[in-house]
Amino acid sequence: MNITLSITKNIHNWLFSIMPEGVASITEMVLIAVVYLAIFAVAGLYLVLLERKVAAWFQLRIGPNRVGWWGLLQTMADALKLVSKELTGTVKADKFLYNLAPYFVIVSALMALAVFPFTQEFQAFDINIGILFLIAISSIGVIGILLGGWSSNNKFALIGAMRSGVQTISYELSVGLSLLTMILITGSLQLSEIVEVQKNGWLIVQGHIPAVIAFMIYMIAGTAETNRAPFDLVEAESELGAGFHTEYSGMKFAYFFLAEFINMFIIAAIATTVFFGAWLSPFGITESIPLLGVVWFLGKTLIIVFLMMWFRWTFPRLRIDQLLTLEWKYLLPLNLLNLVLMALIVWLNLTIQF
Amino acid sequence: MDITYTILIPLIPLAVFLLLGIFSQKIKPAVSGVIGVAGLSTSALLSFYTAYQYFFVHGKVDGVYQAIVQKTTWMNFTDTLKIDMGVLIDPISIMMLIVVSVVSLMVHIYSRGYMKGDDGFTRFFAFLSLFSFSMFGLVLATNLFQIYIFWELVGVSSFLLIGYYYTKPSAVSAAKKAFIVTRFADLGFLIGILIIGFYTGTFDFETLNAVNHETGELVLNWASTSFMGLSVITWALILMFMGGAGKSAMFPLHIWLPDAMEGPTPVSALIHAATMVVAGVYLVARLFPMFYFVEDGYALNVVAYVGAFSSLFAAIIALTQTDIKRVLAFSTMSQIGYMMLALGVSKYEGHDGLGYMASMFHLFTHAMFKALLFLGAGSVIHAVHSNYLKDMGGLRKYMPITNITFLIAALAIAGFPLTSGFFSKDEILVAAFESNKLIYFSGVLVAGLTAFYMFRLYFGIFWGKDTKYKHAPHESPISMTLPLMILALISLFGGFIPFSKYVSADRAGFDAHLNYPLAAVAVSVGLIGIALAWVFYKKENNLAEKFSNAFGVFYKWTYDKFYIDEVYLFVTKKIIFNLIAAPIAWFDKKYVDGTMEGIGNKTVVISNKIKGMQSGKIQDYAFSFIAGVVILAMVFIYLWTN
Amino acid sequence: MIAGISIYEILTVTTILFFIGVYGFITRKNLISILMSVELILNASVINFVVINKYLYPDMLQGVFFSIFIIAVAAAETALAISIIINLYRQIASVEVKDTEIMKY
Amino acid sequence: MEKIIFYILALVIIVFAIASVSSKKMLRSVIYLLFVLIGISGIYFLIDYNFLAAIQLTVYAGGVIVLLIFSVMLVHHIEMELELAKVSKRILVGLASLIGLGVFLTTIYSHEFIVVENYTTTTTEDIGFGLLSYEAGGFILPFEVISILLLASMIGAIVIAKGTKLTNKKNDTV
């Protein structure tokens, strides 16, 4: 097993110099896990805040502004409140599955985070099938939602979960195919190599027309996969209460809630990695300082996250049949055509490279 | 002479039968009648053409009519014993073809009028065609087995037609009776066939009948094992004659024939007067050389005595019957007895074979005038809706054509000079006189009795008392009277056919001439009978009643047909059922069925126990499979490691 | 190959997995459960393909290809089986083996 | 390190497999199966068949298990419990399985495997070239056959599951 754990070489070397090899590697793993959990928590919390701020902005109001400067500590306070709340549950629920469900969602989100190249050396797990791994992991997340809906022993939760399942399974196809379209240019599934290829220009530029189409499809499908508006039938309040997590409270609810935002972040991060050159700066302007890659990566990701929030407050919700029609009758055929088009472009060497 | 086309003679009625039988619900009655008549007409034309070709063009070689056979092997048992299917053409088969096709055609035409409006019209014609097919097949058969097949087919069609009014219990029981009695007789026939097949190794008529002209004996080496003082071949012949007697209603197997009158009258005319019932005669005639040569004609004597006795017996019963169809039925029986008698007294060669020729001649003429009598009776029944003599009388005014044709037929059967019956009957009596005086006297007596009961019938129907009818009877339609007239013509002039030229035992032909003294005796006996009938029945009077009272017990016995039916009932019901069948049935139920049921019950019990293994669940099968694999693997591992 | 793990240990695990699948296949009374047991059996054999490929013939990939084919066929089989089960459920409102015996008699 | 991971995975696989075939709760049984499948994909990761592992996750965890959960949701209620086989039958089958296991293991352990030491990593590229090669030893034909099979089974599944409408149209109008 040759998993590249290359957060930073310096820390790695330092750890191995002061400890025996076995202890060092375990320590390193624990450290990495802590770092990623921190990223998860902070990113989750501040994405929630961002959402609320964006919503306020769209609705011409101020949004959270009491806790901390500009309300920056608002979500921290919310988290504290959620942690301290009582965990209620239904009596007739299947307790085991009921408690298991949130962890599926959280763990799959965390596993997905592990493979992103935040910068050249800040990547926990550079697996050689990176993109495929991401697709595989994201397909597990839905199981948590299904379990949660089923084990709550609640009609609305069950229907919400079913909708979620249908939606996620359907749109996974589009996500996978649009990413596959981009793989045609890179010729590799490994994320570090995908980034390497983009040093000659971001893929959305290299692939021009089909790449843009693929990006559009990817954004639609990605939004649907995170169950966000306009595809938030899963938790359509007017119909289903809170959807699959109706029966959850306190921290378990928070897990679903956070995981949703982390998933949004992951979708944006994949888009950044595959279409927008990950940590690469435009025209290599900050090539000399590798750590600035993190800033570029987060900046690009946040722009795409903002795009998704923009969708949310702009579009009305779809019906379930419209949702499925959109996927199976329009996106999927278009995607397949786009794949052929991209293959032609790669074959005829029509990509734009700098 | 190529005779392949003769196969069409039976096949056309078969096709008609299939057509009418399969589409019986679809075809309109009128159409089915036309189809039936057309089919039979074709067969009749073919028969006439065959007869012409045979008798006048190709048949005679060196002054002897040859038997022409065309056949194909059907079943091959051994090198010599095989069963063929084919057609055999010789004088008697052609004669029978003519008889069957003419009478059948007449009956077909007649039925179109007689059966009009009947529910099963199409069914009736289908059965008639089936019968015609079977009868043609019987006539044309080349070997014993083939004749047996068609023999049974004829029996089946007879059964179907007797039971044609299957809603009438009497018709149903009559059909069953006919079937059972003839089946019992056919058992003898079958055993005879098997004996012949076993001892001679062939079923072929040609081989069986072949006569060595130099020694004047059968080519076949028949000298074989003897049984109870008689050669087995003789036994076989007697057994086969038993089959013939059953079919031809000879004493004591005659009891089905009167009851068979329950069938529609055209059926009685066709089957129970003209054609099927003479099948027995035809069978004996067909095997005549065997009958004659084997053991000096012992079997033939049996034929003669049975024929003579039946003839007298039936004539006596016919005197007293009041149902006109039954009178005719007993008359038929009596006349067939006449034919048997003639065959029995016949010799083989030349003029000595007069009896054979006379028998065939009488068969021919009898078929015509007896069919005419039945059809006439049918016409009368059609008019007055009754079978009984007491409901009739004075019909000559209403039905002139029927009256005249019936009279012609009655004259013919009574042997009135120059009618057809006169010639044939005269020759029979001549043959009997030359051979056996006892039989001759009984024949003469029968001739007188015949004339008497026939004219009793005639006067009773058309003269006698002037019955008051609810509806005035009227003459039958043309479709019914036309056959009557045609048959009447044949009955009148059929006697002038030089029969002896064409049909004889050795097929050579000879010149027959009237024996005037004997003819005078017969004619005068006949005239006495007619005169007595005139006295008794011409005008309404009580002479007949007085006369019958004078006979007392004898009259009663005769009226009840000498209680033969009751004897049968006693033998079967009391003796056979109680003493033999009941114990066997008990044994059968108790032990045979018990064993079988025991095996069945045990099987059910065992299968109930083990049926759980066949649960239909793949899981259970998978378990057995895996357990089996594991056990086998263990066995193999054990074997390999040691 | 896995450092320190011999092929025997992996094969032991797959054999145990296989027989657990067999046990489930025979004892389960629910169609979906039976289907799951079949998946277990299939997976055990897939691991065997892969492991033997890896340990004995590392320069070839036939075992991997066959595994991919088996996985594809298993997926197709599952989809069909579940569609049949759903259809059956519509007809008799049950997925228990004991209820699906109309054709048995 | 790998040794420990393998033993953990093996334990997970076996324990959850047993749980899966003996659980009385339908959906739990499916989830246990999911754990087994994830454990198997972990073994693939361990022996450096990353592509196969990801396929295992995508197809089994993401596809088959989701399908199973869906069907369970459609045909099963949360309060229903599965009927177990008779105790005698379970013991009998368990015994047969154990004996079979013994036979298999005897056979396996009595066989000498010629193991080749290697730590090669198989890339997706290798698999792709092998799978789509149309030279001798290539797998292009079975690959295409499998694609046809998948299409056929997809259509078949749709047709079967769609079924005919069970409600009578005449009843609707009443």
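Residues numbered from 1 in each chain as written. Chains lettered and ligands numbered in written order. Predicted model: local features only at pLDDT ≥ 70, side-chain atom pairs only at ≥ 80, totals over all residues. Heavy atoms only, no water.

Chemist: Could you clarify how one ought to interpret the overall build of chain C in this entry?
Modeler: Counting its secondary structure elements, chain C contains three helices and zero strands. Written out in order from the N terminus, the α and β elements of chain C read α-α-α. The burial tally for chain C puts 63% of its 105 residues in the buried class. Taking the contacts inside chain C whose residues are at least 6 apart along the sequence as the reference set, 58% of them involve residues at least 24 apart. In the form shown here, chain C has an accessible surface area of approximately 3,600 Å², with 71% of it arising from carbon and sulfur atoms. (Helix = DSSP H or I, 4+ residues; strand = E, 2+ residues; numbered from the N terminus. Buried < 20%, exposed > 50% of the residue type's maximum accessible area, 1.4 Å probe, protein only. Contact = heavy atoms within 4.5 Å. Areas by Shrake-Rupley, 256 points an atom, 1.4 Å probe, with all protein chains shown as cover.)

Chemist: Could you clarify how one ought to interpret the overall build of chain B in this entry?
Modeler: Check the secondary structure of chain B and you find 25 helices and eight strands. Each of the 642 residues in chain B was classed as buried or not, and the buried ones make up 55%. The long-range share in chain B, meaning contacts at least 24 apart out of those at least 6 apart in sequence, stands at 79%. Surface exposure of chain B reaches about 27,300 Å², of which carbon and sulfur atoms provide 69%.

Chemist: Sorry, what's going on with the confidence of the model for chain C here?
Modeler: The predicted coordinates of low-pLDDT regions are not to be read in fine detail. Residue and element names in this part refer to chain C. Residues of chain C with pLDDT of at least 70 account for 95%, and the chain-wide mean is 87. Ranking the elements of chain C by mean pLDDT puts helix H3 (residues 62–92) last with 89 and helix H1 (residues 7–27) first with 92. Reported for the predicted complex are a pTM of 0.58 and an ipTM of 0.75. (pLDDT = per-residue confidence, 0-100.)

Chemist: Can you walk me through the interface of chain C and chain B in this structure?
Modeler: Size of an interface: often given as the accessible area lost when the parts come together. Taken together, the contact between chain C and chain B spans nine residues of the former and nine residues of the latter. Carbon and sulfur atoms supply 72% of the area buried between chain C and chain B, which totals about 700 Å² over both sides. At the junction of chain C with chain B, the criterion picks out zero salt bridges. No other element matches H1(C), which puts four residues into the side of chain C that touches chain B. (Buried area = accessible area lost by both parts, 1.4 Å probe. Salt bridge = Lys/Arg side-chain N within 4 Å of Asp/Glu carboxyl O.)

Chemist: Honestly, the nonpolar core in this entry has me stumped. Any pointers?
Modeler: The nonpolar side chains of a soluble globular protein tend to be buried with one another. With 208 residues, the main nonpolar core has B:Leu144, B:Met290, B:Met360 and B:Ile461 as its most contacted residues. The biggest single contributor to this core is helix H15 (residues 354–384) of chain B, with 21 residues. Here B:Met360 is in contact with B:Ile92, B:Met95, B:Val281, B:Ala285, B:Phe499 and B:Val503, once residues within four sequence places are set aside. Counting residues in hydrophobic clusters, the runner-up holds 197 residues, among them A:Leu132, A:Phe297, D:Leu33 and D:Met73. (Core = buried A, V, L, I, M, F, W, Y, C linked by side-chain atoms within 4.5 Å.)

Chemist: I tried to follow the environment of B:Ser424 on my own but got confused; where do I start?
Modeler: Residues and elements named next belong to chain B. Counting through the fold element by element, Ser424 comes out in helix H17 (residues 420–435). Among all residues touching Ser424, those that are not within four sequence positions of it are Ala358, Phe361, His362 and Thr365. A distance of 3.0 Å separates a polar atom in the side chain of Ser424 from a polar atom in the side chain of His362. (Polar contact = N/O pair within 3.5 Å; in protein donor to acceptor, adjacent residues only side chain to side chain.)

Chemist: Before we go on, may I ask you to explain helix H8 (residues 232–248) of chain B in this structure?
Modeler: Residues spaced three or four apart along an α-helix face the same direction, because each turn holds 3.6 residues. Residues and elements named next belong to chain B. Compared with an ideal rise of 1.5 Å per residue, which puts 17 residues at 24 Å, H8 spans 24 Å between its outermost C-alpha atoms and is within 8% of the ideal. H8 sits mainly inside the fold: 14 of its 17 residues count as buried. The opening residue of H8 is Ser231, an N-cap whose side-chain oxygen sits 3.0 Å from the backbone nitrogen of Ile233. (Expected span 1.5 Å × (residues − 1).)

Chemist: How should the pattern of salt bridges be read in this particular structure?
Modeler: Close approach of charged atoms allows side chains of opposite charge to pair. Residue and element names in this part refer to chain B. Tallied over the entire structure, the rule returns 18 salt bridges over all chains. In this structure, the salt-bridge partner of Lys71 is Asp84, at a minimum N-O distance of 3.3 Å. Here Lys71, found in strand S3 (residues 68–76), pairs with Asp84, found in strand S4 (residues 82–89); they are 13 residues apart in sequence, far enough to count as distant. What makes Lys71 partly exposed here is its relative accessible area of 40%. Note that Asp323 and Arg326 form a salt bridge whose closest N and O atoms lie 3.9 Å from each other.

Chemist: Please clarify how the interface of chain C and chain D should be interpreted in this entry.
Modeler: With 73 residues of chain C at the interface, the matching set in chain D holds 85 residues. Interface area, chain C with chain D, both sides summed: about 7,200 Å², of which 76% is carbon and sulfur. In this assembly, chain C and chain D are joined by one salt bridge. D:Glu83 is paired through a salt bridge with C:Lys29; the nearest N and O atoms lie 3.9 Å apart. Viewed at the interface, chain D and chain C are joined by 13 residue pairs in polar contact (both at pLDDT 80 or more).

Chemist: Sorry if this is basic, but what is going on with the pairing of S4(B) here?
Modeler: For a regular strand, side-chain orientation follows a simple rule: the groups alternate between the two sheet faces. Residues and elements named next belong to chain B. Burial within S4 is extensive, with six of its eight residues counted as buried. Here eight bridges tie S3 to S4, and the two strands are oriented antiparallel to one another. Considered in S4, the bridge of Ile68 is made with Ile89. Linking S3 to S4, which pair antiparallel, is a turn of five residues. (Pairing = 2+ DSSP bridges.)

Chemist: Before we go on, may I ask you to explain helix H4 (residues 95–113) of chain A in this structure?
Modeler: Under the 1.5 Å per step criterion, the end-to-end length of H4(A) is 29 Å for 19 residues, consistent within 8% with the ideal 27 Å. The sharpest bend along H4(A) comes to roughly 25°, located at A:Ala101, with the proline A:Pro102 sitting one to four residues further on. Along H4(A), the residues classified as buried are A:Leu97, A:Tyr98, A:Leu100, A:Ala101, A:Pro102, A:Phe104, A:Val105, A:Ile106, A:Ser108, A:Ala109, A:Ala112 and A:Leu113. Against the buried residues of H4(A) lie helix H2 (21–58), helix H5 (130–151) and helix H11 (250–275) of chain A together with helix H2 (26–46) of chain D. (Bend = angle between axes of the 7 residues up to and from the residue.)

Chemist: Would you explain the packing of helix H9 (residues 208–225) of chain A against helix H13 (residues 320–347) of chain A in this entry?
Modeler: The description of two helices packed together rests on the angle between their axes and the distance between the axes. Residue and element names in this part refer to chain A. Closest axis-to-axis distance for the H9/H13 pair is 9 Å, and the angle between their directions is 150°. Taken together, the axis directions place H9 and H13 in an arrangement best described as roughly antiparallel. Regarding H9 and H13, the two cross each other, and that crossing is left-handed. Of the residues in H13, those in contact with His208, Pro210, Ala211, Ile213, Ala214, Ile217 and Ile220 of H9 are Leu326, Leu331, Leu334, Asn335, Asn338, Leu341, Met342 and Ile345. Looking at the contact of H9 with H13, its residues break down into 12 nonpolar, three polar and no charged. (Axes fitted to C-alpha atoms, helices over the stretch in contact; angles between N-to-C directions. Parallel < 35°, antiparallel > 145°, perpendicular 65-115°, else oblique. Left-handed = near helix turned anticlockwise from the far one by under 90°. Nonpolar A, V, L, I, M, F, W, Y, C, P; charged D, E, K, R; others polar.)

Chemist: What exactly am I supposed to notice about the packing of aromatic side chains here?
Modeler: Each aromatic ring pair is characterised by the separation of its centres together with the angle its planes make. Counted under the stated rule, the structure contains 69 aromatic pairs over all chains. When the centroid spacing of 4.8 Å and the interplanar angle of 50° are considered together, the rings of B:Phe159 and B:Phe179 count as tilted. In this pair, B:Phe159 sits in helix H5 (residues 144–162) while B:Phe179 sits in helix H6 (residues 169–200), placing the two residues 20 residues apart along the sequence. According to the relative accessible area criterion, B:Phe179 is partly exposed, its value standing at 27%. Ring centres 5.8 Å apart and planes at 25° place the aromatic pair B:Phe636 and B:Trp640 in the stacked group. Of this pair, B:Phe636 and B:Trp640 both sit in helix H25 (residues 618–641), four residues apart, which is roughly one turn of the helix. Assessed through its relative accessible area of 70%, B:Trp640 is described here as exposed. Directly above the aromatic system of B:Phe205 lies the positively charged group of B:Arg286, at a separation of 5.5 Å from the ring centroid. Above the ring of D:Tyr49, the side-chain terminus of C:Lys54 is found at 5.1 Å from the ring centroid. (Phe/Tyr/Trp six-rings, centres within 6.5 Å; stacked < 30°, edge-to-face > 60°. Lys NZ or Arg CZ within 6 Å of the ring centre and 35° of its normal.)

Chemist: Would you mind showing me how to read empty space enclosed by the protein here?
Modeler: If you roll a probe as big as a water molecule over the atoms, it shows you where there is empty space left. By the definition in use, this model includes five cavities of 30 Å³ or more. A volume near 380 Å³ is recorded for the largest cavity. Lining the largest cavity are 28 residues, and of these A:Ser138, A:Gly141, A:Glu225, A:Thr226 and A:Asn263 lie nearest its centre. When contributions to the lining of the largest cavity are tallied by element, the ones reaching two or more residues are H4, H5, helix H6 (155–186) and H11 of chain A. For the lining of the largest cavity, the element with the most residues is H11(A), which contributes eight residues. Among the residues forming the lining of the largest cavity, the class breakdown is 17 nonpolar, eight polar and three charged. A volume near 70 Å³ is recorded for the second largest cavity. Taken together, B:Ala414, B:Gly415, B:Phe422, B:Lys425, B:Asp426, B:Leu429, B:Ala447, B:Ala519, B:Ala522 and B:Val523 make up the full set of residues lining the second largest cavity. Every element with two or more residues in the lining of the second largest cavity is listed here: H17 and helix H21 (516–537) of chain B. Here the lining of the second largest cavity takes four residues from H17(B), the largest share from any one element. (1 Å grid on protein atoms, 1.4 Å probe; cavity = no way out; pocket = protein on both sides within 12 Å on 5 of 7 lines; lining within 4 Å. Points joined across faces, edges and corners; volume = space filled by probe spheres on them.)

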